[in-house]
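Survey of secondary and tertiary structure
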Amino acid sequence: MGSFGLKYRSRSASHPGCQPGLFLADKVYDSGALREELLIHGIRPVIHPRANRKDQPSCDFTAYRDRNHIERLFNRLKQFRRVATRYDKTRKSFAAFLVLVAARIWLPHLLRFMSCAP
């Protein structure tokens with residue numbers, strides 16, 4: 001645990017090779033100490049540097065763009081009240097409802113794609 005008190009549980013015991021490779025974050029998380037802590041743990045930070053930063057670290061903007069897609073997906077999931085408030089008491093039923101919601105979100109895109117196919 002470093003200066004930021006990063007607490008993450010490695011899933012390596014239950015899922016071998018499942019350590020995060022990237023840390024996708026917004027500009028608000030841009031600090032040298034956080035970047036250093038992530039690199040110590042073998043996680044590559046993908047954080048857009050602030051404009052007033054003197055030493056502009058490199059940023060993988062392709063991966064950074066994915067952060068926006070993930071953020072939009074979570075916003076769509078939260079539109080379903082049951083997901084946002086977590087009505088389900090068990091982890092299994094909550095995960096099952098997430099699958100249903102994800103299918104509900106994905107299905108119109110699939111139908112649009114199928115209608116365009118020759």
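All figures in this text were calculated on a predicted structure; none of them were measured in a lab.

What follows concerns the overall build of the protein chain. A count of helices and strands for the protein chain gives four helices and two strands. Of the regular secondary structure in the protein chain, the N- to C-terminal order runs β-α-β-α-α-α. Counting across all 118 residues of the protein chain, residues that qualify as buried make up 19%. In the protein chain, once contacts between residues fewer than 6 apart in sequence are set aside, the share between residues at least 24 apart is 29%. When the accessible area of the protein chain is evaluated, it comes to approximately 9400 Å², of which 59% is carbon and sulfur surface.

Bringing the packing of aromatic side chains into the picture now. Taken as a whole and assessed by the stated rule, the structure comprises two aromatic pairs. When the ring of F61 is compared with that of Y64, the centres are 6.5 Å apart and the planes differ by 80°; the resulting orientation is edge-to-face. Here the residue F61 and the residue Y64 both occupy positions in helix α2 (residues 61-78), the gap between them amounting to three residues, near one helical turn.

A separate point is the pairing of strand β2 (residues 44-47). Relative to β2, strand β1 (residues 22-25) runs parallel, the two sharing four bridges. Within the sheet, the bridge partner assigned to L24 lies in β2 and is V46.

On to the pattern of salt bridges. Inspection of every chain in the model, using the stated rule, returns three salt bridges. When the shortest N-O distance is used, the salt bridge between R35 and D30 registers 3.0 Å. Of the two residues examined, R35 and D30, each falls in the buried class. Across the pair R67 and E71 runs a salt bridge whose closest N-O atoms are separated by 2.5 Å. Linking R67 with E71, this pair stays in helix α2, spanning four residues, or about one helical turn. A relative accessible area of 41% means that E71 is categorised as partly exposed.

By size, the foremost hydrophobic cluster in this structure holds six residues: L77, V83, F94, F97, V101 and I105. The element best represented in this core is helix α4 (residues 91-116), accounting for four residues. In contact with I105, other than residues within four places in its own chain, are R76, L77 and F80.

A separate point is α4. The terminal C-alpha atoms of α4 lie 38 Å apart, and with 26 residues this matches the ideal 38 Å at 1.5 Å per residue to within 8%. Regarding α4, the residues found buried are F94, F97, V101 and I105. In this structure, the buried residues of α4 make contact with α2 and α3 (81-85).

Let us look at the side chain of R67. A residue is classified by how much of its surface remains accessible, and R67, at 14% relative accessible area, is buried. The contacts of R67, once residues within four sequence positions are left out, are L24, A25 and D26.

Okay, the confidence of the model for the protein chain next. Overall, the predicted model of the protein chain reaches an average pLDDT of 78, with 84% of residues at or above 70. Taken element by element, the protein chain is modelled with least confidence in α3, mean pLDDT 79, and with most confidence in helix α1 (residues 32-40), mean pLDDT 87.

Calculation notes
Residues numbered from 1 in each chain as written. Predicted model: local features only at pLDDT ≥ 70, side-chain atom pairs only at ≥ 80, totals over all residues. Heavy atoms only, no water. Helix = DSSP H or I, 4+ residues; strand = E, 2+ residues; numbered from the N terminus. Buried < 20%, exposed > 50% of the residue type's maximum accessible area, 1.4 Å probe, protein only. Contact = heavy atoms within 4.5 Å. Areas by Shrake-Rupley, 256 points an atom, 1.4 Å probe, with all protein chains shown as cover. Phe/Tyr/Trp six-rings, centres within 6.5 Å; stacked < 30°, edge-to-face > 60°. Pairing = 2+ DSSP bridges. Salt bridge = Lys/Arg side-chain N within 4 Å of Asp/Glu carboxyl O. Core = buried A, V, L, I, M, F, W, Y, C linked by side-chain atoms within 4.5 Å. Expected span 1.5 Å × (residues − 1). pLDDT = per-residue confidence, 0-100.

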